[in-house]
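# Secondary and tertiary structure notes
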Amino acid sequence: MITADHLTRRYGDFTAVGNVTFEARPGLVTGFLGPNGAGKSTTMRMLCGLTPVTSGTAHVLGMPFRELTNPGRRVGVLLDASAQHAGRTGREALTVSAMLMGVGRRRVTEVLDLVGLTPKEADRRVRGYSLGMRQRLGIANALLGEPEVLILDEPANGLDPAGIRWMRDLLRDFVRSGGTVLLSSHLLHEVEKVADEIVVIGNGRIVAQGSTEFLLSHSQRSLEDLFLDLTADVSRDAAAPATHESTRENAR
Ligand SMILES: Nc1ncnc2c1ncn2[C@@H]1O[C@H](COP(=O)(O)OP(=O)(O)OP(=O)(O)O)[C@@H](O)[C@H]1O
């Protein structure tokens, strides 16, 4: 379970994230959508204790992320695939993480195989990796500790079509076995296929949330049309965030 409760982050006078409240529940993929600069990464960083909150609370598995002992064994995080040590090989990067988490080396080979990085690719330095390969390595790192929760910021970015399908199957399998997934993405067709629940953020505020089925059945439109409508003119001065009911009005 992931819980954001009135989560707010200000930079000076600017509210990057304001009063964001939502849950991502076990057994479900929760899609986190919003235009560029809407506040998705800031929210995810607050959930992972990497950006301090101005007010509100962020809990993962019932506690602040920073209070989890050995967090990598509980929560798999991919926030920035390019933030990997360029001078290490993929295998070395994973081996260091495995050592920190107390995970056996065999798991490194397992996750490399799982994400489709060949032994030859795994032994190349990360600086020579394509975006898709970095993304696969980041996903491998998130899966390394066999966590219960995945927090993934645009994990499909740079993946080829086979990779995107693989990712979808992986996430569906993960939640089928009781895991929790929070996933941000700009690939709306993909989110429509993979997400059970959707949270839409615009200018730092939640503009809609609910089950994918609910949102789509009430709008009678694609997720792309609904998203573009909901985020077309989100005003920073807008009143309280939309709930299921007001989303229903919007979606008509
Ligand atoms: N350290 C910072 N200092 C000042 N402003 C920041 C900082 N970090 C983020 N912001 C601002 O907060 C807002 C939200 O940024 P964020 O990266 O969370 O958006 P996003 O929804 O993830 O966007 P994208 O889809 O482009 O990745 C943006 O206006 C951004 O410029």
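Residues numbered from 1 in each chain as written. Predicted model: local features only at pLDDT ≥ 70, side-chain atom pairs only at ≥ 80, totals over all residues.

Below, the discussion takes up the confidence of the model for the protein chain. When pLDDT is averaged along the protein chain, the result is 89; 92% of the residues meet or exceed 70. Contacts from residues 235-252, a stretch scored under 50 in pLDDT, to residues over four places away or in other chains number 23 contacts. Across the interfaces of the predicted complex, the ipTM metric reaches 0.97, alongside a pTM of 0.90. (pLDDT = per-residue confidence, 0-100. Contact = placed C-beta atoms within 7 Å.)

Positive phi values are uncommon outside glycine, yet Glu146 reaches one of about 50°. With respect to the secondary-structure elements, Glu146 resides in the loop between α5 (131-143) and β6 (149-153). On the basis of neighbour count, Glu146 is assigned to the partly exposed category, with 15 C-beta atoms found within 10 Å. Even without glycine at this site, Glu154 takes up a positive phi of about 50°. Positionally, Glu154 belongs in the loop between β6 and α6 (161-176). (Helix = DSSP H or I, 4+ residues; strand = E, 2+ residues; numbered from the N terminus. Buried ≥ 20, exposed ≤ 12 C-beta atoms within 10 Å, placed from the backbone.)

Segmentation of the protein chain into domains returns domain 1 (1-38 + 45-66 + 149-232 + 243-252) and domain 2 (85-147). Tallying the contact residues gives ten residues for domain 1 and seven residues for domain 2. Those elements giving two or more residues to the side of domain 1 that touches domain 2 turn out to be β6 and α6. Per-element tally for the side of domain 1 that touches domain 2: the top contributor is β6, with three residues. Class assignment of the residues belonging to the side of domain 1 that touches domain 2 gives a composition of six nonpolar, three polar and one charged. (Domains from an automatic or database assignment. Nonpolar A, V, L, I, M, F, W, Y, C, P; charged D, E, K, R; others polar.)

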